[in-house]
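Structure at a glance
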There are 2 protein chains.
Amino acid sequence: MVERRTPIPVGEAVRNLMAYASFGLKEMVALELADGRYLAEDLAADHDIPSFDRSPYDGFAIRSEDTVRASKDHPITFEVTGTIGAGSVYRDQVGPFQAVRIMTGAEIPKSCDAVVMLELTRPFEEDGQAYIEIKRSFKHGDNISFQGEEARKGMILAKRGTYINPGIMALLATFGYSQVPVARKPVIGIIATGSELLDANEPLKPGKIRNSNTYMIPSQIQRAGGEAKYFGKLNDDLDMCCSAVKESLSHVDMLITTGGVSVGDYDYLPAVYEKLGAAVLFNKVAMRPGSVTTVAHLDNKLLFGLSGNPSACYVGFELFVRPIVRTYLFHGKPHLKKVKAILGESFPKPNPFMRFVRAKLTYDEGSLIVSPTGFDKSSAVSSLAEANALIVLQGGTRGYEKGTYVDVLLLEDHQGSEWPW
Amino acid sequence: MVERRTPIPVGEAVRNLMAYASFGLKEMVALELADGRYLAEDLAADHDIPSFDRSPYDGFAIRSEDTVRASKDHPITFEVTGTIGAGSVYRDQVGPFQAVRIMTGAEIPKSCDAVVMLELTRPFEEDGQAYIEIKRSFKHGDNISFQGEEARKGMILAKRGTYINPGIMALLATFGYSQVPVARKPVIGIIATGSELLDANEPLKPGKIRNSNTYMIPSQIQRAGGEAKYFGKLNDDLDMCCSAVKESLSHVDMLITTGGVSVGDYDYLPAVYEKLGAAVLFNKVAMRPGSVTTVAHLDNKLLFGLSGNPSACYVGFELFVRPIVRTYLFHGKPHLKKVKAILGESFPKPNPFMRFVRAKLTYDEGSLIVSPTGFDKSSAVSSLAEANALIVLQGGTRGYEKGTYVDVLLLEDHQGSEWPW
């Protein structure tokens with residue numbers, strides 16, 4: 001009646017799983033739709049930045065040699081011979097003691113080598129001709145943004161797998177990516193199991209709970225960078241379950257089921273895996289919550305059997321599904337980012353197995369402080385609301401004192417870790 | 001020719017601006033569309049969690065008093081009288097030395113007060129009747145998740161203004177929010193100015209640069225929680241500009257223009273504001289980059305005149321537009337979250353004005369380290385790619401040594417600060 005399972009360490013489970021991780025496909029999208037996606041190719045500069053010597057200020061372009069003798073007591077007068085707006089090019093020769101009015105961002109005329117800021121000049125007119133007076137000297141190159149000083153043509157400015165944020169959007173536009181090669185989002189199916197589950201719009205009934213996982217997981221999928229597809233709830237008939245899993249799998253890149261993975265009489269997912277001929281990578285992990293997390297492999301696709309308990313389901317997703325999704329998106333650091341932080345509250349429970357505690361990371365004068373977000377049982381939904389991190393407590397420890405350094409996994413980060421264990 | 005402007009401190013500019021901040025509107029969306037939005041009302045528990053005493057494990061529900069004498073040497077036998085699946089209710093009386101098979105999540109029968117985990121029992125059958133043997137004693141309440149132990153009916157689990165992440169989605173589902181009151185996204189118009197601007201799909205031309213701001217700002221708007229609406233580029237005719245600004249404003253909640261706010265001859269936005277009768281709140285801020293950032297007010301709506309330089313535009317958005325957007329979304333801490341971090345590299349430049357340096361925040365053994373992301377001129381686009389923070393360097397300082405604590409504003413955070421200056 002009771003199937004005996006051998007728990008494997010979390011690190012081993014992740015390692016087994018990552019052998020099946022693979023890069024996904026590339027697709028081209030219009031620049032305005034690239035925000036929030038992941039680069040499928042390195043982003044390279046297609047030209048120098050700036051692409052020409054330009055003025056960082058409003059002012060006058062001059063020849064610095066003409067200012068050598070300028071001082072407060074001996075201002076030097078320049079004849080203003082023209083104006084250069086941003087985007088236009090001045091082709092005339094600029095001679096000795098001549099100046100050209102230049103706008104921010106405009107190209108420096110070939111014969112000039114310095115810019116005098118508007119505020120440092122005294123403009124005047126004589127017989128309809130404009131002049132300026134300058135009261136200090138300038139050196140060759142003063143107030144010029146030189147071609148290529150920010151970025152050289154060919155430079156890689158962001159690696160493939162990078163999350164496209166506002167800064168990357170600016171770079172893509174600057175380098176003429178009107179179409180952007182982005183990683184196709186992996187489509188991840190979700191099937192719920194559990195006769196105790198009510199939908200969000202159903203009134204509560206004795207013994208029943210509302211189904212929260214099928215709303216939580218799509219949000220986790222979205223945060224990881226994938227696309228969720230919900231296939232509804234399985235019923236209790238084994239044959240129907242098998243065909244539902246098989247059919248759903250054919251429409252997605254990977255499939256998540258919630259619940260049905262324990263060793264209880266009504267937990268029939270192991271039977272489904274067996275009947276379908278799926279190869280089970282592991283079905284018990286030495287961790288809390290989520291010890292029953294099961295991963296199997298069928299038709300070159302991964303099947304994730306997450307626990308039906310919301311917190312166990314949450315942790316199972318972040319540890320096992322997320323790195324597969326981020327790898328699909330070409331990310332080189334697909335795991336949750338691991339950092340050290342100071343425990344803000346004692347955690348007195350012993351940890352026979354590695355424990356992942358939902359927590360809130362805060363900052364105090366340059367230090368990272370992490371505290372559990374309230375109640376910590378694997379069925380707890382309320383502690384998930386504030387959580388932006390998971391505290392990792394090693395198995396075989398008796399409890400942790402406030403003030404100890406602990407490992408923390410960040411939930412809302414785009415950088416990631418290569419290998420967190 | 002040169003308009004003289006008096007720069008005001010950043011804190012004063014933000015304070016002036018926030019006098020015009022207001023909460024936005026509420027709208028109802030289906031739960032599956034609520035992910036990534038902001039709560040418009042507090043999220044309250046509509047029932048206790050758990051809503052009944054339930055079993056956290058697969059096992060057997062018993063009366064603890066029957067186990068008092070159980071030990072390794074004196075196992076006690078219980079008659080198994082039934083099975084309770086998750087979601088079903090057991091209504092029969094459980095008598096002395098009787099046990100009921102119970103699944104994870106199922107309701108504890110009224111007459112039982114403890115659960116024995118499956119692994120701690122030895123099942124056997126006699127004459128077709130199932131029995132279990134128990135080798136230790138259990139106390140009243142052992143292995144029971146009691147009604148309300150996670151959350152009590154009526155408890156506020158998340159405040160309005162909270163970003164809806166996977167944990168909040170789980171709570172919304174649990175508490176039956178099939179429709180969710182979320183903050184309507186403010187619609188923010190964008191108009192570009194600048195004759196030097198090429199579109200992303202145009203080949204480079206002498207003196208011209210590609211327009212990156214109109215792709216960067218929508219991404220910043222999206223990250224802040226708003227919705228962008230691009231109205232194209234203004235041309236050089238003042239009357240046409242005025243009607244374009246006026247017309248665009250009527251379709252949005254607030255309007256951003258990029259460029260055209262300097263004191264140069266071609267920077268005509270001040271003239272537009274004047275002609276339209278907009279009240280200018282400030283047009284010069286004692287900060288770098290973005291000193292020319294201008295904010296005006298017309299027809300009860302804000303007009304943000306951001307610099308045309310990408311980095312100045314970026315900083316101007318985050319300091320001035322973001323808190324208006326987050327307030328609109330009912331967030332109580334609308335400003336960028338401010339933390340302290342250790343400067344990872346010296347910053348030798350003097351800071352006549354408060355300076356915002358694009359930077360990358362990293363973690364080192366529980367400490368926060370922040371380093372500038374390369375080149376720092378207000379036109380720099382390349383340094384924006386990696387930036388997840390802005391270092392704040394106070395005005396009137398001579399430079400900062402590596403190892404100094406500095407103020408840092410987080411760009412990718414959902415918590416926010418009440419008042420960062």
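Residues numbered from 1 in each chain as written. Chains lettered and ligands numbered in written order. Predicted model: local features only at pLDDT ≥ 70, side-chain atom pairs only at ≥ 80, totals over all residues. Heavy atoms only, no water.

With an unreviewed UniProt entry as reference, chain A is termed Molybdopterin molybdenumtransferase, source organism Paenibacillus validus. Reading the Sequence similarities (unreviewed entry) entry of the UniProt record for chain A gives the comment "Belongs to the MoeA family." Looking at the Catalytic activity (unreviewed entry) heading of the UniProt record, one finds this comment for chain A: "adenylyl-molybdopterin + molybdate = Mo-molybdopterin + AMP + H(+)". (UniProt positions renumbered as here; feature names shortened; annotations may be inferred.)

Attention now goes to the interface of chain B and chain A. Counting from both sides, the interface comprises 93 residues of chain B and, opposite them, 94 residues of chain A. Overall, the association of chain B and chain A removes approximately 7500 Å² of surface from exposure, summing both partners, and the carbon and sulfur fraction of that is 60%. The largest share of the area that chain B buries against chain A comes from Glu150, Pro166 and Tyr363 of chain B, three residues that together contribute 9% of it. If you look at where chain B meets chain A, you find two salt bridges. One salt bridge connects Asp46 of chain A with Arg210 of chain B, and the closest N-O pair in it is separated by 3.5 Å. Counting across the chain B and chain A interface gives 16 residue pairs in polar contact (both at pLDDT 80 or more). Breaking the side of chain B that touches chain A down by element, the ones donating at least two residues are helix 2 (166-174), strand 13 (209-210), helix 3 (213-224), strand 20 (337-343), strand 21 (354-364), strand 22 (367-372) and strand 24 (405-410) of chain B. (Contact = heavy atoms within 4.5 Å. Buried area = accessible area lost by both parts, 1.4 Å probe. Salt bridge = Lys/Arg side-chain N within 4 Å of Asp/Glu carboxyl O. Polar contact = N/O pair within 3.5 Å; in protein donor to acceptor, adjacent residues only side chain to side chain. Helix = DSSP H or I, 4+ residues; strand = E, 2+ residues; numbered from the N terminus.)

Right, let's get into the relation of the copies chain B and chain A. Relative to chain A, chain B is turned by 180° and slid 0.0 Å along the rotation axis, the superposed coordinates differing by an RMSD of 0.0 Å. The operation mapping one copy onto its partner corresponds to a two-fold rotation axis. Within chain B, Ser367 of chain B has its C-alpha nearest the rotation axis, a separation of 2.3 Å. By residue overlap, the copies meet face to face through one surface: 100% of the interface positions of chain B are interface positions in chain A. (Least-squares fit on C-alpha atoms with pLDDT ≥ 70 in both.)

As a further point, take the nonpolar core. Within the largest apolar cluster, 47 residues are counted, with the highest numbers of intra-cluster contacts made by Ile256, Phe282, Phe304, Phe320 and Phe356 of chain B. Considering each element in turn, this core owes the most residues, nine residues, to helix 6 (residues 310-328) of chain B. Ile8, Ile190, Met216 and Met354 of chain A belong to the second-largest nonpolar core, a separate cluster that totals 46 residues. (Core = buried A, V, L, I, M, F, W, Y, C linked by side-chain atoms within 4.5 Å. Buried < 20%, exposed > 50% of the residue type's maximum accessible area, 1.4 Å probe, protein only.)

On to the packing of helix 1 (residues 10-18) of chain B against helix 6 of chain B, then. All names here are of chain B. Look at helix 1 against helix 6: their axes get within 10 Å of each other, and the N-to-C directions meet at 35°. Both helix 1 and helix 6 take part in a crossing whose hand is right-handed. Within the contact between the two elements, helix 1 uses Val10, Ala13, Val14, Leu17 and Met18 and helix 6 uses Leu319, Phe320, Pro323, Ile324 and Thr327. Class assignment of the residues belonging to the contact of helix 1 with helix 6 gives a composition of nine nonpolar, one polar and no charged. (Axes fitted to C-alpha atoms, helices over the stretch in contact; angles between N-to-C directions. Left-handed = near helix turned anticlockwise from the far one by under 90°. Nonpolar A, V, L, I, M, F, W, Y, C, P; charged D, E, K, R; others polar.)

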